[in-house]
Amino acid sequence: MAQSTSDDFLRISPKIRVLPIIHGSGDFAIRVREELLASHYDCVAVPLPPSFQEDVEAAIEQLPNISIVAQLDVESDDEEEFDEDDGATGFSYVPIDPCQGVITAIRLAMGERMHRAFIDLETPRFESQSWVFPDAYALKRVSPEAFAAAILPVLPTPKAGQHSRRIAWMAQRLHDLESRHKSILLVCSLADWPWIRDAYQRQVETEEPASFFAPMLTLGVDPKTLIFVLGELPFLTALYERGRRELTPDDNLSIDGVKEMILRARDILRERLPKVADRITPQLLSIYFRYVRNLSLIERRLTPDLYSLVVAAQQTAGDDLAIAIGEAAREYPYSDLGEFDSSLRMGVGRAEVPGWGTAKMVSRLSGQALEWRSCQLRTRPKEKDKKQWQQRWDPFGMCSWPPEDERIESFQRHVRDQAKAILGADLARSEKFTSSVMDGLDIRETLRNWHSGDLYVKVLPPSRGTIEIVVFLFDTPADPQIYTNRTTWYAEHAEESTLAFFGTDAMKNFVGPGIAQAEYGGAMFLFPPRSIPDVWEDHRLDFATTLEERLLAAAFLHSRERHVALVCPKPPSMVWRRLARKYGKKIVHLPLGRFGGQLVERLRRFHVLNGKQVRSYAADFIRDL
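Basis of the calculations
Residues numbered from 1 in each chain as written. Predicted model: local features only at pLDDT ≥ 70, side-chain atom pairs only at ≥ 80, totals over all residues. Heavy atoms only, no water. Helix = DSSP H or I, 4+ residues; strand = E, 2+ residues; numbered from the N terminus. Rg over C-alpha atoms; globule rule 2.2 N^0.38 Å. Buried < 20%, exposed > 50% of the residue type's maximum accessible area, 1.4 Å probe, protein only. Contact = heavy atoms within 4.5 Å. Pairing = 2+ DSSP bridges. Axes fitted to C-alpha atoms, helices over the stretch in contact; angles between N-to-C directions. Salt bridge = Lys/Arg side-chain N within 4 Å of Asp/Glu carboxyl O. Parallel < 35°, antiparallel > 145°, perpendicular 65-115°, else oblique. Nonpolar A, V, L, I, M, F, W, Y, C, P; charged D, E, K, R; others polar. Core = buried A, V, L, I, M, F, W, Y, C linked by side-chain atoms within 4.5 Å. Disulfide = S-S within 2.5 Å. Arc of directions from axis to C-beta. Phe/Tyr/Trp six-rings, centres within 6.5 Å; stacked < 30°, edge-to-face > 60°. pLDDT = per-residue confidence, 0-100.

**Student:** Is there a simple way to explain the overall build of the protein chain in this structure?
**Tutor:** Looking only at helices and strands, one finds 18 helices and 22 strands in the protein chain. Relative to the compact-globule value of 25 Å for 625 residues, the protein chain shows a C-alpha radius of gyration of 35 Å, a clear excess of over 25%. Taken along the three principal axes of its C-alpha coordinates, the protein chain extends 105 × 75 × 40 Å. Within the protein chain, buried positions represent 50% of all 625 residues. In the protein chain, the share of contacts with a sequence separation of at least 24, taken over all contacts with a separation of at least 6, comes to 76%.

Here's what the structure looks like:
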């Protein structure tokens, strides 16, 4: 007697081998292709009814254009064929999906001139089944035999009814095929193969089904709704198809394809919002992918789903990247509806079919059970809404948004403390150690005098004066054509500063009803707040030729302290220093680069609200970076 091997585990008989798959999985589709190319089969059996064969094979010829072959549900004398809770007419369909293992098997068999056997039972109304399977990425490390054996103990027994009859019918058809072919590969669902094998060995007899007529259609799919038809994301499906066409490696696209999709989302963002895309640095992407990994582990998955990708993007980089990832995931460059007479629009369990109307629709090759979850993303408003909001704007009722006020006030207090520390550092001196370490050991001076054996300590006397005004210059030189919004805002309470700034025109960027968005080009903060003349209307400052000079001149004019803190990308020019000497002031410069680029971009953006009542709902429209 020959010794059994692991390969025999998936053999139904000496002539029949079964390859159990998860429908709609790209990893299993690759396994199907490898199995058919590695062995010599003269027949491929698939779990579809014979009535679908002609239309399915014709649709496969149109790949990579995605389509479906749909069958209209019809009435039957068998009441079990109908759902008790929904008596409406529905549809069943076969997705012509390149990542569908059954479609891959038929496609390859057609190319290799193998016999194709559609062995499923003809049903007037198909009852779809779905199960929760392990992540197919495990196939990278384990064989199909080990994968199938691992989940065998938890597979449920088929319920009496259509599912059981279909299994018995397929087993009987395999007996018929075995008499005509030498080597047969059965490609079926992981949940069905042990019961098909059992029915085959027990030689379960089945009755011939009653004849019926059910209309069938081959339809293209609206590119916007491909995500509801395909087993993999449309972007990943396109990568599998690209690998087939260009003969490039596609065995790890379930991971590498996700990375390519994220880079594509960044490119989309760069075309639409260049400044936001610049924040998507390699460091941020590293944080993002760690976040995705952790979410996937929480979901008990080896590869991320679209929900995890979008949520991680929202939490690490904001709504803009999350929306871009959603748009990139839906891209499928091979869509061409011209190949088909008409197209359908697919939704969650329902579809709009030309000529048949809108009704429930189920797949005959359903795989992993899906869970639809919602994610709240703030999308950018339409141009029509922006124009309407602009027309309703009241120019006499404007205010700021408190969360942004608190954020930038906190930052300018931090800058003021940094500037005061710099003032104190200028007065520091070193003394020889006698009886007290004073403000700490001065290592540099001690090493410099190491030969003498003396220790030196730091002495930091109290700083003289303080910082009353902080000036931020985010963009130098500032273009007057860009920064047309120039105004002075007065504090609403004692914890706010008097603010003078120049920025972009908020009226050109509405994000919600009564909510406009702009960016600071430069800003001056006076704290504690007090009333000063409008910086941009004060004739004493008319000598200034640039926006930066006018803002700095106002700071030097109104500062009661000798020192003014200046945060800008470059060191102060000689013109600015001469301007400071004119008013008897000194500049304490802090480079803008010492603060994080993402933090600076977040602080630069601000919103103008059309009245204090808008604050009650502004958070629903303002997107945080």
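**Student:** Hey, could you run me through the sheet that holds strand S10 (residues 350–353) in this one?
**Tutor:** Across a sheet, strands are paired by hydrogen bonds formed along the backbone, either parallel or antiparallel in direction. Ordered in space as S4-S5-S11-S10-S9-S8, the six strands form a closed barrel in which the pairing is mixed. Ignoring strand direction, the axes of neighbouring strands in this sheet form an average angle of 45°. Here strand S4 (residues 67–72) runs beside strand S5 (residues 91–96); their pairing, made up of six bridges, is antiparallel. Bridging across to S5, Gln71 finds its partner in Ser92.

**Student:** Help me understand the pattern of salt bridges, please; the structure alone is not making it clear to me.
**Tutor:** Side chains that differ in charge, positive against negative, can pair when their charged atoms come close. Counted according to the given criterion, the structure contains 27 salt bridges. The salt bridge involving Glu241 is made with Arg107; its shortest N-O contact spans 2.9 Å. Residue Glu241 is located in helix H7 (residues 234–246), and its partner Arg107 is located in helix H3 (residues 101–111); the two are separated by 134 residues in the primary sequence. In terms of burial, Glu241 and Arg107 fall into one category: buried.

**Student:** Help me understand the packing of helix H2 (residues 53–60) against H3, please; the structure alone is not making it clear to me.
**Tutor:** A packed helix pair is summarised by two numbers, namely the angle formed by the two axes and the spacing between the axes. Direction vectors running N to C along H2 and H3 enclose 80°, while the axes themselves pass 10 Å from each other. Here H3 runs roughly perpendicular to H2, going by the angle between their axes. On H3, the residues that touch Val56, Glu57 and Ile60 of H2 are Ile103, Ile106, Arg107 and Met110. Of the residues contributing to the contact of H2 with H3, the split by class is five nonpolar, no polar and two charged.

**Student:** What should I look at first to understand the nonpolar core in this one?
**Tutor:** Nonpolar side chains in soluble globular proteins generally cluster together in the buried interior. Core analysis: the biggest nonpolar cluster contains 80 residues, and Val56, Leu174 and Met361 have the highest contact counts within it. The dominant element in this core, judged by the number of residues it contributes, is H3, at seven residues. Excluding anything up to four places from it in sequence, Leu174 contacts Ile12, Ile16, Ala45, Ile119, Leu186, Ile196 and Tyr200. Core analysis: the next-biggest nonpolar cluster, separate from the first, contains 35 residues, Leu253, Leu269, Leu284 and Leu285 among them.

**Student:** Can you help me understand the environment of Tyr307 in this one?
**Tutor:** Along the polypeptide, Tyr307 turns up in helix H11 (residues 306–317). For Tyr307 and Val292, which are 15 residues apart along the polypeptide, the C-alpha to C-alpha distance reads 9.9 Å. In contact with Tyr307, other than residues within four places in its own chain, are Arg373, Ser374 and Cys375.

**Student:** Is there a simple way to explain the state of the cysteines in this structure?
**Tutor:** By definition, a disulfide links the sulfur atoms of two cysteine residues through a covalent bond. This model, assessed by the stated rule, comprises zero disulfides. This cysteine, Cys188, is not joined by any disulfide, and Cys43 carries the nearest cysteine sulfur, 14 Å off. With relative accessibility at 1%, the residue Cys188 sits in the buried group.

**Student:** Please clarify how helix H17 (residues 574–582) should be interpreted in this entry.
**Tutor:** The periodicity of an α-helix, 3.6 residues per turn, causes residues three or four places apart in sequence to face the same way. All of the buried residues along H17 are Trp576, Leu579 and Ala580. For H17, the buried positions fall inside an angular range of 100° around the axis, keeping them on one side. For H17, exposure combined with an orientation more than 90 degrees from the buried face picks out Arg581 and Lys582. In the core, the buried residues of H17 are packed alongside strand S15 (467–473), helix H16 (547–558), strand S20 (563–568) and strand S21 (586–591).

**Student:** Would you mind showing me how to read the packing of aromatic side chains here?
**Tutor:** One pair of aromatic rings is described through two measures. These are the centre distance and the angle between the planes. Inspection of every chain in the model, using the stated rule, returns 21 aromatic pairs. An angle of 85° between the planes, with centres 6.2 Å apart, marks the rings of Trp489 and Phe606 as edge-to-face. Remark: Phe606 occurs in strand S22 (residues 605–609) and Trp489 occurs in strand S16 (residues 485–489); sequence separation between them is 117 residues. Residue classification places Trp489 among the partly exposed positions, given a relative accessible area of 23%. Counting every residue linked through ring pairs, the aromatic cluster contains Phe411, Phe472, Phe474, Phe525 and Phe595.

**Student:** Just to check I follow, could you spell out the environment of Ile167 for this structure?
**Tutor:** Here Ile167 shows up in helix H5 (residues 162–178). Overall, the relative accessible area of 4% leaves Ile167 in the buried class. Expressed as a C-alpha distance, the spacing of Ile167 and Phe527, which sit 360 residues apart in the sequence, is 80 Å. Discounting chain neighbours no more than four positions away, the residues touching Ile167 are Pro158, Asp192, Trp195, Ile196 and Ala199.

**Student:** Help me understand H3 in this model?
**Tutor:** In terms of burial, H3 is largely enclosed, as ten of its eleven residues are buried. Within the span of H3, buried status applies to Gly101, Val102, Ile103, Thr104, Ala105, Ile106, Arg107, Leu108, Ala109 and Met110. One or two residues past the end of H3 sits Arg113, with phi positive at roughly 60°.

**Student:** I keep staring at the confidence of the model for the protein chain and nothing clicks. Help me out?
**Tutor:** Detailed reading of the predicted model is not advised wherever pLDDT is low. Looking at the protein chain, pLDDT values average 87 and 94% of them are 70 or higher. Per-residue pLDDT stays below 50 along residues 79–88; that stretch engages in 19 contacts with residues further than four places along the chain or on separate chains.

**Student:** In this structure, what is going on with the environment of Ile227? I would like to understand it.
**Tutor:** Turning to its location among the elements, Ile227 is positioned in the loop between strand S8 (216–221) and H7. Sequence separation of Ile227 and Met346 is 119 residues, and the distance between their C-alpha atoms is 8.6 Å.

**Student:** For this particular structure, what's the right way to read the pairing of strand S9 (residues 343–346)?
**Tutor:** Consecutive side chains along a regular strand alternate between the two faces of the sheet. Judged by which residues are buried, S9 turns out to be one-sided: Leu344 and Met346 face inward and are buried, whereas Ser343 and Arg345, on the alternate face, are not. Looking at chain direction, S8 and S9 are connected through two bridges and run parallel. The residue of S9 that forms the bridge with Val221 is Leu344. Where S9 meets S10, two bridges bridge the pair, whose relative direction is antiparallel. Each bridged residue has a counterpart across the sheet, and for Arg345 the counterpart in S10 is Glu352. Two successive antiparallel strands, S9 and S10, enclose a turn made up of three residues, where Gly349 displays a positive phi of approximately 80°.

**Student:** Help me understand unusual backbone geometry, please; the structure alone is not making it clear to me.
**Tutor:** Most peptide bonds adopt trans geometry, and most residues besides glycine take a negative phi value. Cis peptide bonds are those with omega within 30 degrees of zero, and the linkage from Thr476 to Pro477 qualifies with -5°. Relative to the helices and strands, Pro477 is located in the loop between S15 and S16. One non-glycine residue, Leu247, adopts positive backbone phi at about 55°. Looking at the secondary structure, you find Leu247 in the loop between H7 and helix H8 (253–272). When its relative accessible area of 76% is taken as the criterion, Leu247 is described as exposed.

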